[in-house]
Each structure stands twice: as structure tokens, then as C-alpha cells.
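Results of the structural survey
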Amino acid sequence: MVMQYEQIVTWLIDNCTLRFGEELMLETPQDFIYLSDPHTYELVHISIADPEMRRRMFGDYQGRKCYEVLQGLDAPCPFCTNSRLTKDESYIWKHRNPLMDSEFLLKDRLVDVDGRTLRMEVVMDVTDPERTWQISKDSLEGLNLLVSCMQPLSDERSPAQALEPLIDQAGRFFGAAQGYLFCFDRKLPRITWRIPDAHFLGGLEVSEDTLARWGAALDGGRQIIIKDCSALDAAPDSVRRFFEMHGVRSVCATPIFADGRLMGMLCLRNITAHEKDVSLLNTVAAYISQKLQREALRMEKLRALYYDAQNECLNFEGFRIEAARLLRENAHVRYALWYIDIKRFKYINDVFGFDTGNGLLKTLAQLLRSECAADEIFCRISADKFALLAHCGDEAAMRTRFSRMAGQLSAYAPMAKNHFNAELAAGVYSIGRADGSPRLDQMLTRANMAQKNVKSMPGSTLGFYSEVLRKNVMREIRLESEMRPALERGEFVLYLQAQAPISTRALESARMRAEVLVRWERNGRIYAVPGEFIDLFERTGSIIALDRYMFEASCRLIRDLKARGRAPVCLAVNVSRLTLLRPGFVAFYRSIKEKYGIADGEVELEFTENIAVEDFNAFEDVLRELKGAGFICSMDDFGTGQSSLNALQSLPLDILKLDRRFFSGGGTQGRRQTVITNVLRMARELDMYTVAEGVESQSQAEALQTLGFDYIQGYVFSRPIPAPEYEAEFLTREN
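Residues numbered from 1 in each chain as written. Predicted model: local features only at pLDDT ≥ 70, side-chain atom pairs only at ≥ 80, totals over all residues. Heavy atoms only, no water.

1. Observations concerning the overall build of the protein chain
To be explicit about the condition: Each helix corresponds to a stretch of at least 4 residues labelled H or I by DSSP, and each strand to a stretch of at least 2 residues labelled E; elements are numbered beginning at the N terminus. Just to be clear, the radius of gyration here is over C-alpha atoms, and the globule rule we use is 2.2 Å times residues to the power 0.38. Throughout this description, buried means an accessible area under 20% of the type-specific maximum (1.4 Å probe, protein chains only), exposed means over 50%, and partly exposed covers the range between. Working rule for contacts: check all heavy atoms of both residues, and any pair within 4.5 Å makes them a contact. Here the Shrake-Rupley method, with its probe set to 1.4 Å, supplies the accessible areas, and only the displayed protein chains count as covering residues. Asp and Glu are treated as the negative residues and Lys and Arg as the positive ones, with His and the ends of the chain left uncounted. Taken as the charge location is NZ of Lys, CZ of Arg, CG of Asp or CD of Glu.
Secondary structure assignment for the protein chain yields 28 helices and 28 strands. Expected size for 735 residues packed as a compact globule is a radius of gyration near 27 Å; at 43 Å, the protein chain overshoots this value by more than 25%. Taking all 735 residues of the protein chain together, 50% fall into the buried category. Considering only intrachain contacts with a sequence separation of at least 6, the fraction spanning at least 24 residues in the protein chain is 65%. Accessible surface computed for the protein chain: about 35400 Å², of which carbon and sulfur atoms make up 50%. The positive charge centre, built from 91 side chains, and the negative charge centre, built from 102, are 4 Å apart in the protein chain.

Here you go:
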């Protein structure tokens, strides 16, 4: 249909173009239009409704002077208006022609025809006073139309908002049934008026060559004017079918030019009033052109100030302005604000290079551009962060849209060929909820909350903002802000969970063992449980301060217990990955150990299995330093990550702690028991003790003892309890 429409327009331009709409003003036999050279006075063309009348009145006029043919003079008319004429407006005057014995109203202006600037004069017989009154009335009505069309174009409204009432006014003035404004540049509006079947406009794309050809054919004030479409006997079948299908009986299409380039068409169908005044539409088209050119200039300024040239999209400042405008002008439309992030973008730059990373950004920008409707926009915020203001559908529709974008991005060739798929994390905030009218920054923050909430999940992920999520995030922010003062006030309290010896060699040990856990207490009550703040502090880096605080508190407790003559104890203290990799980690922990007089073997440092996977070499170096400083080192949660036997044989570990998921997970009982038995055997041969964590039942404890574990830790033996309670229950002589 797009190609057919282009062919239809081409045929109409080639066959139905009227050079001067003023020709429709010729109503009486005495009315005519002529063109002459303003310098030589040579007549070029005379247009009159009746060709036979032209022959009788003017004879063979070609090459003769206008003053000779029209006035019967031998020299230029003393009242000639050539010196007063311009291309921008008409010079209107009245003259009685003695040769024709009639009174005429004359309308003169300069026009460009086939590369020449000519004088055009419209000659209307007003000998009858009634005709003078009618022309004056029509002229005033036309002037009113032009004034009313100027009004919506003069304010700061967007082109779409300004042009809709303009087309409505023009359509009503000409008694048209339907109309549309079509701009060939997709960045400019395409507006329909009373047309329910304008789908053919949406996908129409015209090549620059075709536009240039059309522009040349329509230049100089030409219009496509068809008074009766049914009378187009020579028209191709496609043209007649199109008119019949859309109920088009008559049509006037007026070109819109800017800087000599055809930029659009203003079309009215089935005109029933003021048919002879359609040349006014050329002036209306000029008004529209000025508005569109101002919009294009505005967009160029925006491009310079608010555009990301690398990715050919708005930057965030430009997005602020355009988003505010869209939301203001489309108050009836419900929007959603998306915050989009490329996962592991730094890793992509490091591994595949910056060229590949930049190409990935451009690909995502292209995907977003292809997804955007006319009243949707997107921008690059910074780095690999993008924002999208889009129509707010239901969650299923938005998930479908996101999956489509994520799927296309994952096929980005420079990475896909290396079996690495780019992934997205996005958050959506639906605008227009009952929570007031937040600013754009606030809305984007909420979309970012939703994005961060799902970013750690595998694959490309999409999250939706909710009040529950906001409350959780606000609580996290409050916890983070309160963390330092809480450390100073001693609100982070040591809880100890005993480890029970169940093997002969463990029973022979002279020390009790317990893992140090943390609780956040305030005013004698639990203020926050570890699940609320440990992951948060790891994300923000505050975990380093908490790790150091807990380690020093543990050393202080060991010193105090020894001073009170309690039974020997070894406390296992957790160390996060961030703390381990912090410069000066070993030196700080050694200094605290020495400060409190902690002997070798009295404190154990627990590291998670993931540290061994992510930073193996650094982990191995740190472990050897710690061993040299007299620390016991253990690997926590063994069996839940991706550690290998190579880690066991290479790392100087003393204790291996197996998470309950390792010995109560999937697989058949026999296979699981075989794996556990062999892990325990290897640990003994490597002179490592083993601890089973999360043991909850007596039968499970007995089974683990049979398998050969050295210690068990869990509620079956002891829940985590405050340090004074642990001291009283496990370290006094009575116990």
C-alpha cells in the first residue's frame, strides 16, 4: 500500500496539478489571468475559462506586449504596477479598461515559473456592483481564515497541538469532509482530521529522490486540485480504486516547502465551500512551514545542548525538558518511566574492549528508538544507563516489550559470537498513581529502585516499583545512615552459636568452639536482623567497618573470658570479601590480635567459598599471611558455590564448613553420602577439621557423626545466644 500510495501521488502531481489556484476564481467570461515579463512586458500566458473566448479577445498574443494586447497602447501603461510588486503579497487595485468597456478588480504579484520571475495579474470583472460586494465578502472571509490560522501558530504550543486546530479551521472553511497534514520527516507531526482510516500515513516513507521530483513539479505555488474524481477517465485503476475505497469525490493537496525542499502536504477531501479560494491554502501552507521550521530550529538547538551525539539520542537534560512537555501535553495518556541498565558493562569493556562496549550502547539506543511511538521518548542518562518514557500498559504487555528488547540485544554479534549474551536490568515506575505528582527525578529514582531490586537476579530482569519496595529501600537508607552512630553506641551485639564436637579428635581438643554472629539491638530489643543489613552493608561497603568492629569485639571478649578464668574458647569471626581485599587487611587484624593478647589458635577467621572462586590468587596470598600471624582460617558454606578440589589442595585452610544444603540437597541418598564421605576423607588427609552447619534434628546429628564430621552447629545443639548467656552456659566450671 505504501508503494501504491507513492505511485498515486506521483500520477496526481504529473496530471492534476494546477499552476495557480487563482484560476478557480475565474467566474465570468470577462475574468482571466495573465503572465508577463515585468522587464520586457512580453505576454507569456493567458488563462481564461473558455479557450474560444481567449482566441476572440486576445488573438495570437504570444510574444506581444501586455500593454498592446490588453490596453491597446503603444507604450507601457502609465499606471503599471510592476515596481510595486513582490512575491510575498498581492497588490490589489481597480481599473476601467476602455478597450473592453468593463470595470475590473486587479490582483497582481510576482511568481516564479519555470525558472523565470513573472508578473501574474488576476483580472475580475466587477462592472456589476453585486460582483464587487461578493468578491469583497469572499476576501474578508478568506482574511478571517488566515488570521484564525495564524493564532494557534503564534504561541509556544508544539506543532501537533498548534496544527490540529489549524486544520480544523481550514477544513470547516472549505466545507471539507476530511483532511490531513503529512510531513515526510518522521520527527515532524502527521495529523489527521475526521479520517478514521488514515493507517496508510503511518508507514509511508518517501525517498529523497522522489521528494526532489515531487518538489520540482509542485514548486511555484502549484496545487493538486481535482474537482470531480469520478471524471478522471484517464486515471489508472489504482487511483480510481483508492478514491472509491476512501470515499474521495474531490481533493485539494497543497505542498509545504521549507528552504526549497518539499517537507509535507496539506490535503482536504470533498470540498463543498469556497472552492475558488483554495489558493489561500498556499498561504496557510506557508504559515505551517514557518511553524515547522521553528520547530526544526528548536530541535537543532536541543540537539546541540541536550543530545548524545555518540548514540544519537537525547541526553538526560534534554530528556527532562521533552518528558515534561510530553506529560503536560498528553495529560490523558498514562505513562511509565523505565530505568534501564546493561548488566556487567564494566566487565564487557574490560574483556571485549571499549569499541565493543560503545557498539553495544549504540545498539541499545537503536532498539529503544525503534520501540518508541511518536509520543514516547528515551535518553542515555550516563555510562550504560538509559531512561524511557513510554505508554503504561499492563505488566504483561511491558514484560513482553522488555523481553523483545532484551532478546534483540542479546544477539549483539561481537559478543554473541563469543557465546556471551548482553543482559539488561530495568525498573518501571507507573506514573499517575495515587501518590501525588512526583518530580521527574523522583520518578526516575523510583524506577531505579525497581531496577536495583532485580539486577542481581540471573538473566535479563524487569522489576516494577511498589510502595512496599519503596518502604524497604527507605528502611535500607535509614539503616545505612544509622550504621556509624550505632557502631559508636555499641548497638551491634555479639551473639555466639556453639559448635558441638562429635568426633574423637574434636573431643580431645581443649577448647570450646563457637561462631560469632551479629545482632543490631536498641534499647534492649532487636532493631534489625542480619538479613536486613548484612547484604546492604556489603553493597555499600559499610561491611568493612562492621567486620573490623566485630573482630575487635570478639578479641576483647576472649581477653575478658581469660581474665575471668573461663574455659578456653576459639571464636570464629566472619570476614567479607570487601574486607579481605581492603589494603592493610592482614596488618590491621594482626594489630588487633596483638592489642588484646590473643594467642595463636584462639580466633578463627571465616571466609565464604565465593571469595576463593572470584579472587583465588589474592585469597591464597592473604591466607598464607594470616597463617603466619597465628590465625585459624576456615572456608564457610562449602558446597554451595563453585569451588573446586583445586581450591582444597592449594589453599592453606584449617577448617571446612559444609552448609546444610550440601548434605540435605538433591540427589539420591546413596550418591550424596558417597560424595560427603569422600569430601570428609580428603579433609582429614589434608589435616582439616570439618563442621556441619544448620543441623536441626537429633537423627541428622547422629547421621553426620557416623559420616565422620568433627563438629556440628545448629539449633539441635544451641541457638545463637548473647555472649554473657554463652559464657554462663558453656564456659563456667559448673557446665
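From this point, things continue past the structure.
2. Details of the packing of aromatic side chains
Definition in use: The rule is short: rings of Phe, Tyr and Trp, with Trp giving its six-membered ring, pair when the centres are within 6.5 Å, and they are stacked under 30 degrees, edge-to-face over 60, tilted in between. In this scheme, Lys NZ or Arg CZ marks a charge over a ring once it lies within 6 Å of the ring centre and within 35 degrees of the ring normal.
For the structure on display, the rule yields 28 aromatic pairs. Aromatic side chains phenylalanine 585 and tyrosine 589 sit 4.7 Å apart centroid to centroid with 55° between the ring planes, which places their arrangement in the tilted category. Here the residue phenylalanine 585 and the residue tyrosine 589 both occupy positions in helix α21 (residues 585–595), the gap between them amounting to four residues, near one helical turn. Taking 5.3 Å as the distance between ring centres and 65° as the angle between the ring planes, the aromatic pair formed by phenylalanine 607 and phenylalanine 619 counts as edge-to-face. On the criterion of sequence distance, the pair formed by phenylalanine 607 in strand β23 (residues 603–608) and phenylalanine 619 in helix α23 (residues 616–628) is long-range, its members being twelve residues apart. The residues phenylalanine 607 and phenylalanine 619 share a single accessibility class, namely buried. Each member of the aromatic cluster is reached from another via a ring pair, and the members are Phe492, Trp520, Tyr527, Phe533, Phe537 and Tyr549. Just above the ring of phenylalanine 631 sits the side chain of lysine 593; from NZ or CZ to the centre is 5.7 Å.

3. Concerning the pairing of strand β22 (residues 569–575)
Quick note on the threshold: Paired strands are those between which DSSP finds at least two bridges.
With respect to burial, β22 is a largely interior element, six of its seven residues being buried. Taken together, the four bridges between strand β20 (residues 512–522) and β22 define a ladder with parallel strand orientation. The residue of β22 that forms the bridge with glutamate 515 is alanine 572. Across five bridges, β22 lies against β23 in parallel orientation. Across the sheet, the residue bridging to valine 573 is leucine 605, located in β23.

4. Overview of helix α12 (residues 354–371)
We count it as follows: Here a helix's expected span is defined as the number of its residues, less one, multiplied by 1.5 Å.
Between its terminal C-alpha atoms α12 stretches 26 Å, which fits the 26 Å expected from 18 residues at 1.5 Å a residue. Looking only at α12, the buried set comprises Thr356, Gly357, Gly359, Leu360, Leu361, Thr363, Leu364, Ala365, Leu367, Leu368 and Glu371.

5. Quick look at the pairing of strand β2 (residues 32–36)
The buried fraction of β2 is high, at five of five residues. Burial along β2 is two-sided: Phe32, Tyr34 and Ser36 and Ile33 and Leu35, pointing in opposite directions, are all buried. In this structure, β2 lies alongside strand β3 (residues 43–48), joined through five bridges in antiparallel fashion. Bridge pairing links serine 36 to leucine 43 in β3. Adjacent in sequence and paired antiparallel, β2 and β3 are bridged by six residues, among which tyrosine 41 carries a positive phi angle near 70°. Pairing geometry for β2 and strand β6 (residues 116–125), over five bridges, is antiparallel.

6. Remarks on the environment of leucine 731
Looking at where leucine 731 falls in the secondary structure, it is placed in helix α28 (residues 723–731). Since its relative accessible area comes to 2%, leucine 731 is described here as buried. With residues near it in sequence (within four places) discarded, leucine 731 still touches Met512, Leu561, Arg566, Ala567, Val569 and Tyr726.

7. Some points on the packing of helix α16 (residues 467–489) against helix α18 (residues 530–540)
Condition: A fitted line through C-alpha atoms represents every axis, and for helices the fit uses only the stretch in contact; the resulting angles, taken between N-to-C directions, go from 0 to 180 degrees. Should an angle lie under 35 degrees it is considered roughly parallel, over 145 roughly antiparallel, and from 65 to 115 roughly perpendicular; all remaining angles are considered oblique. Residues are grouped as follows: nonpolar covers Ala, Val, Leu, Ile, Met, Phe, Trp, Tyr, Cys and Pro; charged covers Asp, Glu, Lys and Arg; every other residue, Gly included, is treated as polar.
At a minimum axis distance of 10 Å, the contact between α16 and α18 shows a crossing angle of 75°. Classified by the angle their axes make, α16 and α18 are roughly perpendicular. Seen from α16, the contacting residues are Arg475, Glu476, Leu479, Glu480 and Met483; seen from α18, they are Glu532, Leu536, Phe537, Arg539 and Thr540. Here the residues of the contact of α16 with α18 are counted per class, giving four nonpolar, one polar and five charged.

8. A word on the sheet that holds strand β4 (residues 91–97)
One open sheet holds the five strands; their spatial order is β3-β2-β6-β5-β4, and the pairing between them is antiparallel. This sheet does not close on itself; its edge strands, each paired only once, are β3 and β4. Strand-to-strand twist in this sheet, taken as the mean axis angle between neighbours without regard to direction, amounts to 25°. Where β4 lies against strand β5 (residues 102–113), seven bridges are found, and the strand directions are antiparallel. Across the sheet, residue lysine 94 finds its bridge partner in β5, namely leucine 105.

9. A few points about the packing of helix α19 (residues 543–563) against α21
Quick note on the threshold: In this scheme, a crossing is called left-handed if the near helix is turned counterclockwise away from the far one by less than a right angle; it is called right-handed if the turn is clockwise.
Between α19 and α21, whose axes approach to 9 Å, the crossing angle comes to 25°. The orientation of α19 with respect to α21, classified from their angle, is roughly parallel. α19 and α21 meet at a crossing whose hand is right-handed. Mapping the contact onto sequence places Asp547, Arg548, Phe551, Glu552 and Cys555 in α19 and Phe588, Tyr589, Ile592, Lys593 and Lys595 in α21. When grouped by side-chain class, the residues that make up the contact of α19 with α21 number five nonpolar, no polar and five charged.

10. Description of the environment of asparagine 82
For asparagine 82, the location among the structural elements is in the loop between α3 (66–71) and β4. Along the backbone, asparagine 82 and alanine 177 are 95 residues apart, and their C-alpha atoms lie at a distance of 40 Å. Among all residues touching asparagine 82, those that are not within four sequence positions of it are Pro38, Tyr41 and Arg119.

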